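The lines below spell out each chain.
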Amino acid sequence: MGTNVGTAAAARRRPILAFSARLRARAAAILGALLLAIVVFWLVENAVHDIRQFALVSLNGVTNGSIYALVAIGYTLVYGILELINFAHGDVFSWGAMITYSVGISWLGAAGHSGLALFGILAAALLCAAVFCATLNMAVERVAYRRLRNAPRLAPLITAIGMSFVLSNAIAAVYGFNYVSTEPLLPRGALFTIGGQAYGWDKLIVLLITVPTLAGLVVVVKRTRWGKAMRATAQNRDAARLMGIDVDRAISFAFGLGGALAGIGGFVYLVYFTQGRFDLGFRIGLFAFTAAVLGGIGNILGAALGGYLIGFIENYNSGLTWHAPGPSWTESLVFILLILILVFRPHGLLGETLSTRS
Amino acid sequence: VNVVRLPSASPALRTRLSRLLIALVFCALAVYPWLYGKYLTTILTQWLPDTSTAFVILAFTVMGLGLNFVVGYAGLLDLGYVAFFAAGAYVAGWLASEQFANAGSVSFGGTVLPGTPGIHLSPWLVILVAAVFSAILGVLIGVPTLRLRGDYLAIVTLGFGEIIPQFVRNGDNLGGFNLTNGSFGLNGIDGMGFGNRVHHAIHTLPANFLNELDSRWYYWTALALVVVTILCSILLRDSRLGRAWIAIREDEDAAAAMGVPLMRTKTLSYAIGAFFGGAAGALITLQAGATSPDAFSLQVSIFVLCMVILGGIGNVWGVTLGGILLAYVNYKGLFAAGNTFNSTFGTNVDVPEYSYLIYGVAIVLFMLVRPEGLIPSARRRAELVDEPEEENVAAEGAPA
């Protein structure tokens, strides 16, 4: 079904919350404005209280947000084409972190190097993680989703949940159930300090990798033939096929692209947080999916924007000192946000009105 | 996909045979505690669950049957069913333990000695209250979210499934009030039982099941709950409401056009599913004597969902079989298989550790090979099997 709450039958026969659509929209708008005003007031108050802390927390938000953005794009690409929530995507991300660990730390021993050698090792690990995750994501699509493309909608969704369990527990089978961790890889020296707290290479590298990746992605999607084929497939699969586009390959390409970004995200995560575990992708995957929905699912820029917003929310909530709910409520806040968006603005911040294929 | 059929039997005979089979199975289940204690040899007890494990298996089967109202009948994918398990568990903890000792000693048919501090209601009442509370929670969650499309609903329910354990974990200091005891959870929860008064009147009915030799009374309670849930499933399925659910599952827009009130019907399926989830949660908690937020992970939701998928989405008997089978595998079969495997090959593999890997593979394989489950419902089979095949033919005919 669609978001057809406004159909006459549904509206007339709904005894609970039987508001007219217009009244509901207006109430939602007022409520949203009020909520936004409170949040802005809270942020300003916090900034006035301790501007240094605020700046530091904001920078942390950018760092975490970069990771969410990288993962969120994978969700949005796949959803844009198949209208499928690829639950396994978060676990592809976990694999990215683990492959980075295997290649960069276990095999090439990044922790013992510095300078150009360290750069080379990290570049090799990044490449391996991206290629591995792209291949993995394409394989997941080929094995688990392709046969179900014309099945009822819930079938591929349930399969995706199954794949998520397979991928995360496969990590547990290979790496064990405990954290793998490494000492910090990058030079510890601060690039600059805010209120005695350092902003170092570990945070800068996140941006140094994320920003060019996102720029490259936009070029690939907007300028190349592959990107064009993918967008055409997302718009109308049958018409794209009639125009001579190999739809299967375009879908594979979307999965590969999303997987590569998840791999890069996993690399960034491991370098920044220096640890990883089999269930890493669950929380980050959910946050990233929330980011994709927040920005308007199917919209790449929206997913990036949503990722950064979630990063800010997480860090403002756990890092600010004046009346913040604290880190033990972060997940609840993010999910409540997700629910509010889905209920009141399902097309997200930047998204178009969603199609209503049922 | 081949569907197993009984060969050359008329539909009436087949119905009669399957009814006989079901009656026999339930008779066997009812006498299982005696059989297990007396006649089963050691080789079988290695593979068969004892009564307390069998209790847990049946209690989880109730959850599977409850989720079937939501996923099977109304076609709404709920990935946060554990929320209702949690609600039932905590209501049981609140109404039958010393959590609210400050409230003085409130007892109403409780199974503890008179004068024990805290609230102690009759466990039967506790289960009912827990179920109703869960149903109300289901309505509260359902009203804002059930108008969402299927996959969005899945993610929102998943969100609720995460929020509620976090709320429980942080609920030891809600404005200074300790509601949930935080991550320690609730302990010292009363056992099931008929209470002292009933016990004095009829001596065969124990005052507290925990005083009995084994968990057979718990087992029978769970079995009774399974039977009640199955009866409710069948009666509701064949009612006007059940037909409305199936209509919504098949085609929401068409159902709305035919005058099915979408929101009310969906909310009812959600509430009824929550009702049985809460009852099962309360029952499990009353037997375990404790509950904590760690018990409410997404994995429980997925586990229960697997029962529904494995058994046959929308088919009561399929889900019952799927529930018993999967819960058996989880609580006994994997251990037994692991032990046998290790003793045969001299290895030391912790097979249950990989249970969720196995479930993941099972979900994927089932959706790919036999999406209609072990015992499919006829309508669901038609929907899942025929339609894709036709479309595949069309797709292959098109130029690649």
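Residues numbered from 1 in each chain as written. Chains lettered and ligands numbered in written order. Predicted model: local features only at pLDDT ≥ 70, side-chain atom pairs only at ≥ 80, totals over all residues. Heavy atoms only, no water.

Chemist: Quick question: what am I supposed to make of the overall build of chain B here?
Modeler: The helix and strand tally for chain B stands at 16 helices and three strands. With respect to the three principal axes, the spread of C-alpha positions in chain B is 80 × 55 × 45 Å. Within chain B, the fraction of its 400 residues that count as buried is 54%. Looking at chain B alone, contacts between residues at least 24 apart form 71% of all its contacts between residues at least 6 apart. Carbon and sulfur atoms provide 66% of the accessible area of chain B, an area that totals close to 17300 Å². Separation of charge centres in chain B, based on 21 positive and 25 negative side chains, amounts to 11 Å. (Helix = DSSP H or I, 4+ residues; strand = E, 2+ residues; numbered from the N terminus. Buried < 20%, exposed > 50% of the residue type's maximum accessible area, 1.4 Å probe, protein only. Contact = heavy atoms within 4.5 Å. Areas by Shrake-Rupley, 256 points an atom, 1.4 Å probe, with all protein chains shown as cover. Lys, Arg positive; Asp, Glu negative; His and termini not counted. Charge placed at Lys NZ, Arg CZ, Asp CG, Glu CD.)

Chemist: Looking at this model, I keep getting lost on the interface of chain B and chain A. Mind explaining?
Modeler: One widely used convention gives an interface's size as the accessible area the parts lose upon coming together. At the interface, 51 residues of chain B touch 58 residues of chain A. Contact between chain B and chain A buries roughly 5300 Å² in total, counting both sides, with carbon and sulfur atoms accounting for 71%. If you sort the residues of chain B by the area they bury against chain A, B:Arg147, B:Arg149 and B:Tyr152 come out on top, with a joint share of 15%. Taken together, the links from chain B to chain A amount to zero salt bridges. For the interface between chain B and chain A, the tally reads four residue pairs in polar contact (both at pLDDT 80 or more). Elements that contribute at least two residues to the side of chain B that touches chain A include exactly α6 (123-145), α7 (150-170), α11 (252-257), α12 (262-288), α13 (298-311), α15 (355-369) and α16 (378-397) of chain B. For the side of chain B that touches chain A, the leading source of residues is α7(B), giving 13 residues. A per-class count over the side of chain B that touches chain A returns 32 nonpolar, nine polar and ten charged. (Buried area = accessible area lost by both parts, 1.4 Å probe. Salt bridge = Lys/Arg side-chain N within 4 Å of Asp/Glu carboxyl O. Polar contact = N/O pair within 3.5 Å; in protein donor to acceptor, adjacent residues only side chain to side chain. Nonpolar A, V, L, I, M, F, W, Y, C, P; charged D, E, K, R; others polar.)

Chemist: Help me understand the confidence of the model for chain B, please; the structure alone is not making it clear to me.
Modeler: Keep in mind that low pLDDT regions are not for reading the predicted coordinates in detail. Residues and elements named next belong to chain B. For chain B, per-residue confidence averages 83 on the pLDDT scale, and 90% of positions sit at 70 or higher. The lowest-confidence element of chain B is α16, averaging 51 in pLDDT; the highest-confidence one is α12, averaging 94. For residues 387-400, every residue scores under 50 in pLDDT, and the model assigns this stretch eight contacts once sequence neighbours within four places are set aside. Across the interface, the model reports ipTM at 0.80; the global pTM reads 0.83. (pLDDT = per-residue confidence, 0-100.)

Chemist: What should I look at first to understand the packing of aromatic side chains in this one?
Modeler: Following the criterion strictly, the structure yields 40 aromatic pairs over all chains and no others. On the basis of an interplanar angle of 10 degrees and a centroid distance of 5.6 Å, the ring pair of B:Phe69 and B:Phe276 is categorised as stacked. Of the two residues, B:Phe69 sits in helix α4 (residues 51-73) while B:Phe276 sits in helix α12, which places them 207 residues apart along the sequence. Among the residues examined, B:Phe276 registers a relative accessible area of 5% and is labelled buried. A ring pair is formed by B:Phe303 and B:Tyr331, whose centres lie 6.4 Å apart and whose planes are at 80 degrees; its orientation type is edge-to-face. Taken together, the residues B:Phe303 in helix α13 and B:Tyr331 in helix α14 (residues 316-345) connect sequence positions 28 residues apart. Joined through ring pairs, the aromatic side chains of A:Phe165, B:Phe60, B:Phe85, B:Tyr90, B:Trp94, B:Phe133, B:Phe296, B:Phe303, B:Tyr331, B:Tyr356 and B:Tyr359 make up one cluster. (Phe/Tyr/Trp six-rings, centres within 6.5 Å; stacked < 30°, edge-to-face > 60°.)

Chemist: Would you take a moment to explain the pattern of salt bridges for this structure?
Modeler: Oppositely charged side chains can form a pair if their charged atoms are brought close together. Scanning the entire structure with this criterion turns up eleven salt bridges over all chains. For the salt bridge of A:Asp238 with A:Arg241, the shortest nitrogen-to-oxygen distance reads 3.6 Å. Of the two residues, A:Asp238 and A:Arg241 both sit in helix α9 (residues 237-242), three residues apart, roughly one turn of that helix. When its relative accessible area of 24% is taken as the criterion, A:Arg241 is described as partly exposed. A salt bridge links B:Arg169 to B:Asp294, with the nearest nitrogen and oxygen atoms 3.1 Å apart. Here the residue B:Arg169 occupies a position in helix α7, and B:Asp294 occupies one in the loop between α12 and α13, the gap between them amounting to 125 residues. Owing to a relative accessible area of 34%, B:Arg169 belongs among the partly exposed residues under this scheme.

Chemist: I would appreciate a short explanation of the sheet that holds strand β2 (residues 105-108) of chain B in the present structure.
Modeler: Either a parallel or an antiparallel arrangement is found when strands of a sheet pair, and the pairing is made through backbone hydrogen bonds. With mixed pairing, the three strands of this open sheet are ordered in space as β1-β3-β2 (chain B). The strands lining the two open edges of the sheet, one partner per strand, are β1 (96-97) and β2 of chain B. (Pairing = 2+ DSSP bridges.)

Chemist: I would appreciate a short explanation of α7(B) in the present structure.
Modeler: Along an α-helix, residues three or four apart share an orientation, since each turn contains 3.6 residues. Over its 21 residues, α7(B) extends 30 Å from the first C-alpha to the last, a length consistent with the 30 Å expected when each residue adds 1.5 Å. The buried count for α7(B) comes to 18 of 21 residues, which makes it a mostly enclosed element. (Expected span 1.5 Å × (residues − 1).)

Chemist: How should a nonpolar patch on the surface be read in this particular structure?
Modeler: All names here are of chain B. Together, Phe108, Leu125, Leu128, Val129, Val132, Ile136 and Leu140 make up an exposed nonpolar region whose accessible area comes to about 630 Å². Of the residues forming the nonpolar patch, the biggest block, six residues, is contributed by α6. Inspection of the secondary structure puts Leu125 in helix α6. Judged by its relative accessible area of 32%, Leu125 is partly exposed. (Patch = residues over 30% accessible without salt bridge, like charges linked within 9 Å, V, L, I, M, F, W, Y side chains within 5 Å.)

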